[in-house]
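Tertiary structure, described
Below are the chains, spelled out letter by letter.
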Amino acid sequence: MAELKAPSLQSLLESERGSTDSLQLDLEFEDLDDVEFAIPPTDVLPTLETVLSEFEADSDVASELGVPIPRATPTPSIGEECGLRGGGGSGSIMRYTLLHGISSQLASAAERVNAGTASACAVAAYIAVGTSHGHILNFDVTQTLRWAHQDKHSQGAVSSLAFNADSTRLLAGFARGLVAMIDTQSGDVLRELNDVITPNTGVLHVKWTSRSSLALCADAGGSVWSLSFTRKLGIRGCSSRCLFSGARGEVCAVEPLIMDVQGRHELDQYCIVALATLSKYFIVTVRPRLRVIKYHALQGPADCLPLLAWHLVLIQAADTSRSVDPVIVVGRGNQLFFHQLFVANGRITLLYLRHVQLHSSLLSAHWLGPKCVASLDTAEILHLVDVRSSRELECMDMANAGLVYGSAQFKGIATGGNVSPAFALAGTNACYNSVVSRGTQLYVLGARSLHIIGVRTWSERISYLVKNHRWQEACQLALDGYVASTDRPRKRAQAKERIIMLFKEYIANSARAPDYCLGAIVNCLITVGELELLWTQLWERLHNNTELFLQHISEHIEQEHINNVNPVISQALVDYWLQHSPAKLEQLILKLDWMCLDLNQVLKAVKRHRLYRAQLYLNACALNDYTAALTELLLDLTPEQTDLGNCLLVYVSSCLAGRRFPSGDIPAEQVQQVKHDVLRCLTSQHSTASPVDELPYPYLRALLKFDTRETLNVISLAFQEREFSNELGYSHRKRIIYLLLEIMTPENATWAEIGCLLNFIAQQISTQCLPRDKQLLERVLSYLAQEEIVNESTRQHSERESAWHELLSSNCLVDISSDEEQLELAQRARCYYVVEYLLEKMQRFDTILDCYIKNPARHETMFAYMERHVDASERCIYEQLSSHLGELLEINAQETTRLIALHYPQKIEDLLEQLSCQQPLLFRLLQSLNERHSELKPMQMELLLELYCQLESPEAVLEFLRGSNGYRLDKAIEIVERHELKRAVIYLYEQQESYAKAFELSMELLRSADATEAPKEAKQLAELLARSAQTLPEQQLERCWFSLLQYILPQQELQSITKSMLHEASQHIDLHNLVQLIMNTHNVSSSFGDIKDLLMSMLINSRQETEALRCAADVLCNDLHTEFAAQRLVARRGVWVTSLRCIICRQRLYDQTEVIVLGACGHALHQRCLSEEEQATDLKQCRRCAASQPQQQLMPLSLPCPNQHRLNNSSSHQELGTLQLKAPPRRFC
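Residues numbered from 1 in each chain as written. Predicted model: local features only at pLDDT ≥ 70, side-chain atom pairs only at ≥ 80, totals over all residues. Heavy atoms only, no water.

Using the following cut-off: UniProt positions are given in the numbering used here, feature names are shortened, and annotations may be inferred rather than shown by experiment.
Naming follows an unreviewed UniProt entry, where the protein appears as Vacuolar protein sorting-associated protein 8 homolog of Drosophila albomicans. The protein has a UniProt comment under Sequence similarities (unreviewed entry) that states "Belongs to the VPS8 family."

Quick notes on the overall build of the protein
Rules: Strands here mean DSSP runs of E at least two residues long; helices mean DSSP runs of H or I at least four residues long; both are numbered from the N terminus. Only protein chains enter the accessibility calculation, which uses a 1.4 Å probe. A residue is then buried if its area is under 20% of the maximum for its type, exposed if over 50%, and partly exposed in between. Any two residues having at least one pair of non-hydrogen atoms within 4.5 Å are treated as being in contact.
When helices and strands are counted, the protein shows 45 helices and 35 strands. Burial analysis of the protein (1229 residues in total) assigns 51% to the buried set. Residue pairs in contact within the protein that sit at least 24 positions apart in sequence constitute 57% of those at least 6 positions apart.

Looking at the pairing of strand β27 (residues 391–397)
Heads up, the rule is: A pair of strands is considered paired only if DSSP assigns at least 2 bridges between the two.
Alignment of strand β26 (residues 381–386) against β27, held across six bridges, turns out to be antiparallel. Considered in β27, the bridge of V385 is made with E392.

Details of the packing of helix α33 (residues 919–931) against helix α34 (residues 938–951)
Cut-off, in case you're wondering: Only the stretch in contact is used when fitting a helix axis, every axis being a line fitted to C-alpha atoms; angles between N-to-C directions are given from 0 to 180 degrees. When describing relative orientation, an angle under 35 degrees is termed roughly parallel and one over 145 degrees roughly antiparallel, while 65 to 115 degrees is termed roughly perpendicular and anything else oblique. Left-handed describes a crossing whose near helix is turned anticlockwise from the far helix through less than a right angle; right-handed describes the clockwise counterpart. Note on residue classes: Ala, Val, Leu, Ile, Met, Phe, Trp, Tyr, Cys and Pro are nonpolar, Asp, Glu, Lys and Arg are charged, and everything else, Gly too, is polar.
Two elements in contact, α33 and α34, have axes separated by 10 Å at closest approach and are oriented at 125 degrees. For the element pair α33 / α34, the angle class is oblique. Here α33 runs over α34; the crossing is left-handed. The segment α33 lies against α34, with Q919, P920, L922, F923, L926, Q927 and N930 engaging Q940, M941, L943, L944, L947, Y948, Q950 and L951. Here the contact of α33 with α34 is composed, by residue class, of 10 nonpolar, five polar and no charged.

Details of the sheet that holds β27
Spatially, four strands are ordered β24-β25-β26-β27 in an open sheet, and the strand pairing comes out antiparallel. Looking at which strands have only one partner, the edges of the open sheet turn out to be β24 (362–367) and β27. Between one strand and the next, the sheet's axes are offset by a mean angle of 20 degrees, whatever the strand orientation. As paired elements, strand β25 (residues 372–377) and β26 share five bridges and run antiparallel to each other. Across the sheet, residue A374 finds its bridge partner in β26, namely L384.

What about a nonpolar patch on the surface?
Definition in use: What goes into a patch is any residue over 30% in relative accessible area without a salt bridge, connected to like charges within 9 Å or, for nonpolar side chains (Val, Leu, Ile, Met, Phe, Trp, Tyr), within 5 Å. Methods summary: accessible areas were calculated by the Shrake-Rupley approach with a probe of 1.4 Å, and residue burial reflects only the protein chains presented. By definition here, a salt bridge exists when the distance from a side-chain nitrogen of Lys or Arg to a carboxyl oxygen of Asp or Glu is within 4 Å.
Residues M1096, L1099 and I1100 make up a contiguous nonpolar surface patch of about 270 Å² in total accessible area. Residue placement: M1096 occurs in helix α43 (residues 1088–1132). Residue M1096 is classed as partly exposed on the basis of its relative accessible area, which comes to 42%.

Notes on a positive patch on the surface
Stated formally: Charged residues are defined here as Lys and Arg on the positive side and Asp and Glu on the negative side; His and the ends of the chain fall outside this count. The atom standing in for a charge is NZ when the residue is Lys, CZ when it is Arg, CG when it is Asp and CD when it is Glu.
Residues R289, R291, K294 and R347 make up a contiguous surface patch of positive charge. Structurally, R291 can be placed in strand β19 (residues 291–297). Using a relative accessible area of 32% as the deciding quantity, one classes R291 as partly exposed.

Comments concerning unusual backbone geometry
The step from R287 to P288 runs through a cis peptide bond, and the omega angle for that step is 5 degrees. Looking at the element boundaries, P288 is found in the loop between β18 (280–287) and β19. The amide bond that connects F661 to the next residue, P662, takes the cis arrangement and shows omega of 0 degrees. Mapping P662 onto the fold places it in the loop between α17 (642–656) and α18 (671–682). Phi is positive for Q843, close to 60 degrees, though the residue is something other than glycine. Examined against the element boundaries, Q843 turns out to sit in the loop between α26 (832–841) and α27 (848–854). By relative accessible area, Q843 is classed as exposed at 59%.

Examining helix α21 (residues 727–743)
Threshold: Helix span, as expected, comes to 1.5 Å for every residue beyond the first.
For α21, with 17 residues, the first-to-last C-alpha span of 25 Å sits near the 24 Å given by 1.5 Å per residue. Of the positions making up α21, those classed as buried are G729, R733, I736, I737, L739, L740, L741 and I743.

Overview of the pattern of salt bridges
Applying the stated criterion across every chain yields a total of 32 salt bridges. Two residues, E505 and R498, come together in a salt bridge whose shortest N-O distance is 3.9 Å. In this structure, E895 and R898 form a salt bridge, with 3.0 Å as the shortest nitrogen-oxygen distance. Pair noted here: E895 and R898 are both in helix α31 (residues 893–903), with a separation of three residues, about one helical turn. You can call E895 partly exposed: its relative accessible area is 27%. What emerges from the salt-bridge pattern is a single network uniting K675, E721 and E723.

Examining the environment of T536
Within the element layout of this structure, T536 appears in helix α10 (residues 531–542). Taking relative accessible area as the criterion, T536 reaches 25% and is therefore assigned partly exposed. Considering only alpha carbons, one finds T536 and N566, 30 residues apart in sequence, at a separation of 9.3 Å.

Side note on the confidence of the model for the protein
Selection criterion: How sure the predictor is of each residue is captured by pLDDT, a score from 0 to 100.
Counting all residues, the mean pLDDT for the protein is 81, and 86% of those residues have values of 70 or more. Taken as a whole, residues 1204–1229 scores under 50 in pLDDT and shows 33 contacts with residues more than four places along the chain or in a different chain.

Quick word on the side chain of S103
For clarity, the cut-off: Pairs of N or O atoms are called polar contacts if they sit within 3.5 Å, as long as, within protein, a hydrogen donor faces a hydrogen acceptor (for residues adjacent in sequence, only side-chain-to-side-chain pairs).
For S103, the position within the fold is in helix α3 (residues 100–112). For S103, a relative accessible area of 9% puts it in the buried group. Engagement of the side chain of S103 in a polar contact is seen with the backbone nitrogen of L450, the distance being 3.2 Å. Setting aside its immediate chain neighbours within four residues, S103 contacts L98, R448, S449 and L450.

Some points on the sheet that holds strand β10 (residues 179–183)
Across the sheet, four strands lie side by side as β8-β9-β10-β11; this open sheet has antiparallel pairing. A strand with exactly one partner marks an edge of an open sheet, and here the two such strands are β8 (158–163) and β11 (189–193). Averaged over all adjacent pairs, the angle separating strand axes in this sheet is 15 degrees, with direction ignored. Where β8 and strand β9 (residues 169–174) come together, five bridges link them in antiparallel fashion. Bridged to F163 within β9 is L170.

As for the packing of α10 against helix α11 (residues 547–558)
Two numbers describe how α10 lies on α11: the axes approach to 10 Å, and their chain directions differ by 150 degrees. Note on element contacts: α11 touches α10 through F549, L550 and I553, opposite L534, W535, L538, W539 and L542. When grouped by side-chain class, the residues that make up the contact of α10 with α11 number eight nonpolar, no polar and no charged.

Regarding the nonpolar core
Put simply, the rule reads: By nonpolar core we mean a set of buried residues, namely Ala, Val, Leu, Ile, Met, Phe, Trp, Tyr and Cys, connected to one another through side-chain atoms within 4.5 Å. Here the limits of each domain have been adopted from an automatic or database domain assignment.
Counting residues in each nonpolar core, the largest one holds 163 residues, and the members touching the most others are L740, I761, W804, M866 and L961. Counting only domains with at least three residues in this core, you end up with domain 2 (845–935) and domain 3 (993–1082). Apart from residues lying up to four places away in sequence, L740 is in contact with L700, L704, L712, I715, L757 and F760. The next biggest cluster of nonpolar side chains, apart from the first, holds 62 residues, and it includes L502, I507, W539 and I562.

What about the side chain of N855?
Within the secondary structure, N855 sits in the loop between α27 and α28 (859–868). On the basis of relative accessibility, which here comes to 8%, the residue N855 falls in the buried class. The contact partners of N855, leaving out residues within four places of it in the chain, are E801, Y832 and Y833.

Quick notes on the packing of aromatic side chains
As a reminder of what qualifies: Only the six-membered ring of Trp is used, alongside the rings of Phe and Tyr, when aromatic pairs are assigned; centres must lie within 6.5 Å, and planes under 30 degrees apart are stacked while those over 60 apart are edge-to-face, with the rest tilted. Two conditions define a charge sitting above a ring: the NZ of Lys or the CZ of Arg must be within 6 Å of the ring centre, and it must be within 35 degrees of the ring normal.
Per the stated rule, a full pass over the model turns up 18 aromatic pairs. Here Y576 and W577 contribute two aromatic rings whose centre-to-centre distance is 4.9 Å and whose plane-to-plane angle is 80 degrees, an arrangement assigned as edge-to-face. Neither Y576 nor W577 differs from the other in exposure class; each is buried. Between Y948 and F960, the ring centres sit 4.6 Å apart and the planes meet at 20 degrees, which makes this aromatic pair stacked. In this pair, Y948 sits in helix α34 while F960 sits in helix α35 (residues 954–963), placing the two residues 12 residues apart along the sequence. Each member of the pair, Y948 as well as F960, is classed as buried. Over the ring of Y464 we find R456, and its NZ or CZ is 3.9 Å from the ring centre. Here the guanidinium or amino end of R875 rests over the ring plane of F845, the centre of that ring lying 3.9 Å away.

Have a look at this one:
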């Protein structure tokens, strides 16, 4: 590239057209890498969430909607899951390129022809660059300089450039107000417009609109002008019109909406422009007529300009409908706002979409495709922001680009600086015309260089990562794209092809280290379903280094991503895990399809390593034998083998329910046979080996011995199957029950195990799952009614009660014994739940509460029972409550008290009397009543206080006294003095306002306190004296303080609180006396330093109090003045009177008598017309119209007689007698 030469700029300027043989360079810079051009690395590396719809600018989606998309610049596929991955290395999303050809031409122009530095650029089919000395250089896409233009009129720097839609015309704006139109093919100037903007202002922006003959121009005065180009009889013309005057607000940014949809969009018939000032932004239509669509306030720092950018975006609404509509991004400071523009019901509507807040203020914001926005901040760092997720994807430092700023145009330097200070300050970092975008590329103009930042597509990013050997990130990115294209078959197929290509690249580049990034490659192939590549090419490449491969395959098997592997792989997998972890092998076998396994190898392995689950699975699925492994394992089962026993219980339960172990279903045609085989196996009388000493039914006996309860649960679940619901099924049930009874004998089982069986039988009979056999029921009842069962747990006893209750509730025991006999049996067996049921059935309610009390499991429901039947006299609730009051209080004192307080408040005294000999229970009841804030008599409160003193700590007594107030102080003092609770006595003395006694008692506590407690006692004593300041006489209060200080000052252990005590005492003691006391204390020196702090604090307090008093007086005066002014204003206003006649006597009001004007209605009456009662009380409503009156008192007024001369001169339409008021009428409201 460096050896290529370009023609000189001077020769181009002298020639009519530019040379065509110049630098040939393609803009697809795939061969340029970050290392060569020293692109600074970002902190972290992002990855794509998905292949966002396409690899070429969402072309398929747009084409389906009928919107053509230009193919020049591909749109990136960046989605919501794109994040920053990794901590080092350069990013893979943005691609930086320096345009060497254009940069060298700019440098050459500055040196050879004094063109100056670059000042503005524009990009379309050509690249145009303007300079600070008025030169314009036009390049094609190969960076060949096509022509150069030099301003001959000294119009200053080129401030703005713009190509039209078909790149045939170039508009150029200059710093001194000239607007030129140039033919892009020849470089000829077609129009030079000197008077189309505000005089003596420079051009800030020139923009083409969606109409080919209409452009916009914004000047440094803040005005916006429309330029309509005409050509009549071969003569080119231009008419200028002011769209927005700078006098109403200075426009900083102009961005017309260009619709590249060829008339297929509803907005194509409008010419729409976005304008932004320093305080707001507008969306206006210029054609067919000028109209403001919407405007919003726009706030931001004073030194930041507003930013505008349009783009067509595919938007999916909440109702799943999709549309391609223009979206504008508006920014200022560190804020970005996104709005959608669309037509609804014939009206153009602007809809807010989202808000993004960045970390620093922005210089520019441009769309790079429909899904991301590139923003350059004041530190010249470029941020790529994903619009959907509002997250920053990647950043790039652009400080070395030498960005060109247009601050000179915003400050109006070329025209004498005639701009506003706010406009000049905001334009300090203006770069509207030096940072431009096209498609997915951002062009950054430096003083002598031009830079491109592009956004790579999904496929390009993968290629970039592969080129830099970042396989892990490449695989993750490829998988993200494949997963995101789930609903798009064509894109999914393309993504799959790209992943296969990635695998081939990996194979070609990993000859030396085939296990590098192996997990990511395996994950990719499994996700896309290309398992054959795993078993062939990848497996063969690994040779002897297969451990890592097998570990990755095992992970995917565990996660159930695959369930079938190559037989060669499966053999290697079994051998590997047999050496490292047989338990892990068992988990893999259970998740694999048995057809891919070597059965001979696997069956030998599971038997040798006792992998029970795998053995059961393989025998059932592969060998179609559901009983062989079961019979083999049941004979080895012992109660200590919990893992094997639980496994066999689950297996039996699954088989009897028609389910395959460990998951899935047994084929429908085999379900009946499997159930029959397993049930026959369990009920077999002898095993296949049948030793001599073997007990009958060894298989079922082994399960019952392992866990009787769970085995019975399995049988119970099996009984629910439809095979046991017919007549034959009932006989099978009965047979199994008798088998269980035969097995579970006292010689071979414990009473707990037999109890589980009998409870199970009782439940089956009560639910009619078994016929009511009298002999069987008698046997069950004999167990249920046992008075004592050794080592019976609470749970077993509860189950026994429940089984008995179910038999009774289903009337299964009617033929065996009567209710009386059952009641007697239940009482002896202490089955109180059954006793409760029988008493309820026999309507003997007077002893039911006793059953609740004796049954701890029913204590919570006992109070609900009492609450439910409290009004039923036959239930005798109060009588039972009274007789069991002590027991109820011990069970739950709060609930018992609540019941008494709500339903028996009149019985409280009787109940208290009943508990008079049981002080703890009496204390519980009184305490609960007090906590419920029940109204207790003073004697009862004093009794409670007495009990507190006897049963609780002194702190609890003091807390009770502070929280209660129903006791008599003198009686309470007697009680606490009797129990020698001095702190409680002090509190009561204080409540009695006997502060002198409280002080004396507190002094006793202080004198008797040790060194650690003395400071705390002294502080409490000082607080007591502070509270007594409003009650004690001044002399007595001073004496108390002197007594306290005379004790504190000599004490060495109280020196830490001496200053605070003196400060507190200074508020109540004469200063002279206090200082004298300090000086006379024998262990305190008479120096000024000892009392300096005290005197200074007193002076500071005095000054603060004086200042507070002055401020309070000022506030009070201000409030009084404000209120007086308001009242005076009301008093000076006229009174609104709607009639000049009294509403009672109908006489005139101005007859020298006192008149009362009513409120909002304006009616008036004579004071003498009111009755005496009405005069004594305020009127609430009008006597005529019943209107409500104001709250303030009505004052009588004297109305002067109206001037007859003024009445005669008034209008004929004016009613005679209407008052003439100078002030506005005053209405009461």
